[in-house]
Amino acid sequence: MFLGHIFVFLYLRTTLAVNQLSDGSPSLYLPTTDNIELLNSQNIKSLVYGSKKAWFVEFYSHWCGACQRFAAHWKDLAKKTKPWHSKVINIAAINCADPKNDKICMEFNIEYYPTLRMFPPNADFQNPEHDSKLVNNRDDLESRIVEFLDQINPVPSEWPIFKDYTSKRLDTLFLDNKNAKHGFLVFEDKSSIMGKQLILDFSDRTDLVIRRTTIESNSYLMEKFKINQRKLPVVYLIFNSKGSVKKHWEFKENLVEKQIDAGLDKRMKYKILIEEFKKNKNQNEELALEEESIKNDENSLDKNIYSQYKVYMQDLESGLNMIMRFEVARTKLIAGEKIDALKKWIKTLLKYFPGRKEVMNYLTNLNIKLNSLKSNEITGDQWIQMTKQDQNNESFLPENTEWAHCKGSSPNYRGFPCSLWTLFHTLTVHQYELELSKSQPFDQNFDVTEVFEAIRLFIKYFFRCSECSENFQKRTLDYLDHLKQPRDAILYLWKCHNMANKHLAEDITADPMYPKIQFPAKNQCEKCYNGTDEFVTDEVFQYLLTFYDSKKILPIRIKSDNIVDLDFNGLDENDLKRYRDSISKKNSLKDLKIDDEIYLKTDSSSKMPLIFFILFVTFGSCYLYSSLKKTNYKLQKHIV
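These numbers were taken from a predicted model, which means no experiment stands behind them.

## Quick word on the packing of aromatic side chains
A ring pair, where both rings are aromatic, is described by two values, the distance of the centres and the angle of the planes.
Here is step 1 of the chain: With the rule as written, the count across this model stands at 31 aromatic pairs.
Here is step 2 of the chain: Where F416 meets F463, the ring centres are 6.2 Å apart and the plane angle is 45 degrees; that geometry is what we call tilted. Taken as a pair, F416 in helix α13 (residues 416-436) and F463 in the loop between α14 (450-462) and α15 (466-475) lie far apart in primary sequence, 47 residues in all.
Here is step 3 of the chain: On the accessibility criterion, F463 (1% relative accessible area) is buried.
Here is step 4 of the chain: Above the face of the Y220 ring, K168 is positioned so that its terminal group lies 5.3 Å from the ring centre.

Okay, structure coming up:
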């Protein structure tokens, strides 16, 4: 069980499919049904800056397992606090994995997901990082909201009153809302927030008033109503009748007809009691239930069929793009241990990533720039510029992200975490491959920990799923004990991966279209099993070397080639080599010219009938025009 949870969070998925917004971008939330405002780089300033309401914002990534797990809690919070949204505070979210939001997330120094920030009303975001309050996503979020709102000063005029009710008279309860028919006064302990929660729960109502008080702030009314402090909280109902003396009595369940669930907490009980009481007393003001129709648009799978038993360069390069231009770039300042970790990661990629020539040239140039910094630090903005500059035909890393084997049945499944696993396995295998090709392999210079340490540091400092990163570090503390022999890094990673798969096999977060299995499956490698469900380690090791063999990685798909099926099942190594050669030729300027000549010859032969037709029409037109001209001349001569 020790390794049971290693890498588990790399695979976490949301319980619901990721939503596709109208602009095509993925989102864990829908604004209409989830009661969550969706922010982006275009609307965050107009909505949040200078708003009369406070804002509670989740900065997340739709692929992040921790974010997907947390999404249910965020939706639940938004649902419970829905009445709070109309006047006091909005619950919002912004997807930092959407490239359009990259810059704004960097402005807010979002390094890990999910990151929660509270913004006060009338905020001036000259320094966005300091004009907001960071919140731990493990906290009681409603309590944190109440604490935050309680500290706002001055309080916007539209907001309800949070201060304790200190008056000895009951008529002053209605001073700010004389049209309210009923008031509810909550007596509670000083540390309790139930009263303030109820104030917010009904902040969108004008037909009632709710205030709270404590023994410290209003001992007079506590004594007058003979409230036993041990029985707190207690709620009193006050009628806004004529005169200064108001009818009142303790508000209990017998005032409503509805049976209240005994399992509910007191806040929810009182909330339901107040709602039911108002329905019965104000039939003409019954709350209308709003039901939103949801279009159940299921994201169809890409028509292109990719094998689940192949490694695609498309996944590896897309993963690199995400790493370089999104994950690392989220760090505001890369210095100290972070810059050392980044240098080690780039160096490892340069040594062991089996990429095409152009990408390796790109990594070489990036490594040179990184190690040529005058000061041993770089900002996130400078890094992103570094990754994008000087790209040309000989040195580039594609900036698009498109999945092949790692494409899930919807955007929240597989994708980036899948590509990370694939990349990690590929690096460990390629290190072994390169060493094996030496005349004296696995000598004292071979370091079996080299790749795994680089992976571990990358996860620690740059993988933005905070829960994933923390869990990874905790569960691999003793990795050195597992990495002794040359093949250990390959097998250690494989064991961790399979234990994660086993843990999540029946989990609701798994992609239903691609069940999590023990890899390799029996139909892939019968020799890898000993006749039962137990693996034969030696056979598995040989299979992993073959599966992640750099020579068998399927090349980047060139869209202009109109290749529909990149499965290549049944192709041998020579077939793959011919395919790679054909792709490289088409991308070669010299060969492109040759291809153009061939296409021209082919096209000219196929177009001969059309050419004859055009010539026929042209000559015919000239002859007809000449005949008409002669006829017209004779006619004119005859008339004269």
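Having put the structure on the table, let's press on.
## Details of the sheet that holds strand β11 (residues 248-250)
Here is step 1 of the chain: The strand order across the open sheet formed by 4 strands is β9-β8-β10-β11, and the pairing between neighbours is mixed. On the outer flanks of this sheet lie β9 (208-213) and β11, each paired with one strand and no other. Taken over all neighbouring pairs, the strand axes of this sheet differ in orientation by 20 degrees on average, direction set aside.
Here is step 2 of the chain: Note: strand β10 (residues 234-239) against β11, 3 bridges, orientation antiparallel. Across the sheet, the residue bridging to L237 is W249, located in β11.

## Considerations on the pairing of strand β6 (residues 115-119)
Here is step 1 of the chain: With respect to burial, β6 is a largely interior element, 5 of its 5 residues being buried.
Here is step 2 of the chain: On β6, burial covers both faces: T115, R117 and F119 on one face and L116 and M118 on the other are all buried.
Here is step 3 of the chain: Sheet topology note: the strand β4 (residues 54-60)/β6 ladder contains 5 bridges and is antiparallel. Paired with E58 across the two strands is L116, which belongs to β6.

## Topic: unusual backbone geometry
Here is step 1 of the chain: Along the chain, N153 connects to P154 via a cis peptide bond; the corresponding omega equals 5 degrees.
Here is step 2 of the chain: Inspection of the secondary structure puts P154 in the loop between α5 (141-150) and β8 (182-187).
Here is step 3 of the chain: Cis geometry is adopted by the peptide bond preceding P233, which originates at L232 and carries an omega value of 5 degrees.
Here is step 4 of the chain: Relative to the assigned elements, P233 resides in the loop between α7 (219-224) and β10.
Here is step 5 of the chain: Positive phi, close to 55 degrees, is recorded for N109, a residue that is not glycine.
Here is step 6 of the chain: Tracing the sequence through the fold places N109 in the loop between α4 (102-107) and β6.
Here is step 7 of the chain: A positive phi is found at R414, a non-glycine position, where the angle reads about 60 degrees.
Here is step 8 of the chain: Within the element layout of this structure, R414 appears in the loop between α12 (380-388) and α13.
Here is step 9 of the chain: Judged by its relative accessible area of 14%, R414 is buried.

## Things to note about the confidence of the model for the protein chain
Here is step 1 of the chain: For the protein chain, the average pLDDT comes to 78, and 76% of its residues sit at 70 or higher.
Here is step 2 of the chain: When mean pLDDT is taken per element in the protein chain, strand β5 (residues 89-95) scores highest with 95 and helix α20 (residues 589-606) scores lowest with 37.
Here is step 3 of the chain: Throughout residues 558-579 the model reports pLDDT below 50, and contacts reaching past four residues in sequence, or to other chains, amount to 33 contacts.
Here is step 4 of the chain: Low pLDDT (under 50) marks residues 633-640, which in the prediction has 0 contacts with non-local residues, meaning those over four places away or in another chain.

## Observations concerning the nonpolar core
Here is step 1 of the chain: Among the nonpolar cores identified, the biggest contains 145 residues, and F56, W74, L149, W345, L349, F353 and W383 are the most heavily contacted of them.
Here is step 2 of the chain: Take this core: its biggest share by element is 9 residues, from α13.
Here is step 3 of the chain: Residues contacting L149, with those up to four places away along its chain left out, are A54, V88, I89, W159, F162 and L200.
Here is step 4 of the chain: Residues Y165, F174, L185 and V234 belong to the second largest nonpolar core, which totals 16 residues.

## Here's the deal with the pattern of salt bridges
Here is step 1 of the chain: Applying the stated criterion to the full structure yields 20 salt bridges.
Here is step 2 of the chain: A salt bridge links K100 to D98, with the shortest nitrogen-to-oxygen separation between them at 3.0 Å.
Here is step 3 of the chain: Look at D98 and you get buried, because its relative accessible area is 8%.
Here is step 4 of the chain: One salt bridge connects R487 with D538, and the closest N-O pair in it is separated by 2.9 Å. Linking R487 in the loop between α16 (479-482) and α17 (488-504) with D538 in helix α18 (residues 537-547), this pair joins segments that are 51 residues apart in sequence.
Here is step 5 of the chain: Judged by its relative accessible area of 27%, R487 is partly exposed.
Here is step 6 of the chain: Through salt bridges that share partners, E142, D201 and R267 make up one connected network.

Procedures and definitions
Residues numbered from 1 in each chain as written. Predicted model: local features only at pLDDT ≥ 70, side-chain atom pairs only at ≥ 80, totals over all residues. Heavy atoms only, no water. Phe/Tyr/Trp six-rings, centres within 6.5 Å; stacked < 30°, edge-to-face > 60°. Helix = DSSP H or I, 4+ residues; strand = E, 2+ residues; numbered from the N terminus. Buried < 20%, exposed > 50% of the residue type's maximum accessible area, 1.4 Å probe, protein only. Lys NZ or Arg CZ within 6 Å of the ring centre and 35° of its normal. Pairing = 2+ DSSP bridges. Axes fitted to C-alpha atoms, helices over the stretch in contact; angles between N-to-C directions. pLDDT = per-residue confidence, 0-100. Contact = heavy atoms within 4.5 Å. Core = buried A, V, L, I, M, F, W, Y, C linked by side-chain atoms within 4.5 Å. Salt bridge = Lys/Arg side-chain N within 4 Å of Asp/Glu carboxyl O.

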